[in-house]
Amino acid sequence: MAISCLLAVSFISISVPADAQNSEVQVLYSYEGNITEKKVIPVSVLSIYGMPGFFIAEAVKFEAPKDNWRISAVQLFGFDGYNGSQESAPEERTIALEIRDKDKNLLYKFADSQIPYSNYARNATLLYPLTIEIPQIAVSDEFYVCFYDRGAVAVGSETLNETSENSFIYVENELLPALLPQSENVSTPLNWLVAVSGR
């Protein structure tokens, strides 16, 4: 329940940034329904695919509300394994985020240590909102947000009954279904929980 409440508050807060109390700010969500009613599962592609997962991203397709819509922030939920003990403090690693157009051309790339965005930095022992500010990148039509967790954080997701039309694994310029392997022949479809704000 604590995770659900934190998720609800955090996704609402992204819609009205402190430095821009503006009715034109819009938030696009990767999911439907009430976030507090979802069972959120943290997933890292590095843990699924091993070292090749370093070059694989969790990707979400969005559609810009208008031409030249400018992205100001991306928010997802991450968990770095920190449980409150010094032994669980994370090692520093590099995360990355990309914005790509509908043809998967790179529009923007961000990379940084995960520590400033981590559970550890906030003394949080549950999934915590990871918000990355974007320097007003303009998008039109469909676009993709690609996040490379690189084993530094597991990304919040929800399981689905059918393969998502908006959540993917991005690898070598290809979009593959976002699936969580359960066994050799069984996989569960995933939807990455991501919000994008802009105007």
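Above this note sits the structure.
We now turn to the structure provided with this report. (Residues numbered from 1 in each chain as written. Predicted model: local features only at pLDDT ≥ 70, side-chain atom pairs only at ≥ 80, totals over all residues. Heavy atoms only, no water.)

Comments concerning a nonpolar patch on the surface
Together, Met 51, Phe 54 and Phe 55 make up a nonpolar patch on the protein surface, roughly 350 Å² of accessible area in all. Tracing the backbone through its elements, the reader meets Met 51 in the loop between α2 (45-49) and β3 (57-63). (Patch = residues over 30% accessible without salt bridge, like charges linked within 9 Å, V, L, I, M, F, W, Y side chains within 5 Å. Areas by Shrake-Rupley, 256 points an atom, 1.4 Å probe, with all protein chains shown as cover. Salt bridge = Lys/Arg side-chain N within 4 Å of Asp/Glu carboxyl O. Helix = DSSP H or I, 4+ residues; strand = E, 2+ residues; numbered from the N terminus.)

Examining the side chain of Asp 80
Relative to the elements of secondary structure, Asp 80 occurs in the loop between β4 (69-79) and β5 (94-101). At a separation of 3.0 Å, a polar atom in the side chain of Asp 80 contacts the main-chain amide nitrogen of Tyr 82. If we ignore the near neighbours within four places in the chain, the residues touching Asp 80 are Pro 90, Ser 118, Asn 119, Tyr 120, Ala 152 and Val 153. (Polar contact = N/O pair within 3.5 Å; in protein donor to acceptor, adjacent residues only side chain to side chain. Contact = heavy atoms within 4.5 Å.)

Focus: the sheet that holds β3
Overall, antiparallel pairing links the 6 strands, which are arranged β6-β5-β8-β3-β10-β11 in an open sheet. Edge positions in the sheet fall to β6 (106-113) and β11 (174-177), since each has one partner strand and no second. With strand direction ignored, the average angle separating the axes of adjacent strands in the sheet is 30°. Here 6 bridges tie β3 to strand β8 (residues 142-148), and the two strands are oriented antiparallel to one another. Directly across from Glu 63, in β8, lies its bridge partner Glu 142. (Pairing = 2+ DSSP bridges. Axes fitted to C-alpha atoms, helices over the stretch in contact; angles between N-to-C directions.)

Observations regarding the side chain of Arg 100
Of note, Arg 100 is situated in strand β5. On the basis of relative accessible area, Arg 100 is assigned to the buried category, the value being 12%. Within the local environment of Arg 100, its side chain forms a polar contact with the backbone oxygen of Lys 104, the two atoms lying 2.7 Å apart. Here Tyr 170 takes part through its side chain, which lies 3.3 Å from a polar atom of the side chain of Arg 100. Filtering out sequence-adjacent residues up to four positions away, Arg 100 remains in contact with Asn 105, Leu 106, Leu 107, Phe 143, Tyr 144, Cys 146, Tyr 170 and Asn 173. (Buried < 20%, exposed > 50% of the residue type's maximum accessible area, 1.4 Å probe, protein only.)

A word on unusual backbone geometry
Unusually for a residue other than glycine, Lys 104 sits at a positive phi of about 70°. With respect to the helices and strands, the residue Lys 104 is situated in the loop between β5 and β6. Look at Arg 150: it is not a glycine, yet its phi comes out positive at around 50°. Mapped onto the secondary structure, Arg 150 falls in the loop between β8 and β9 (154-159). Of the residues examined, Arg 150 reaches a relative accessible area of 13% and is grouped as buried.

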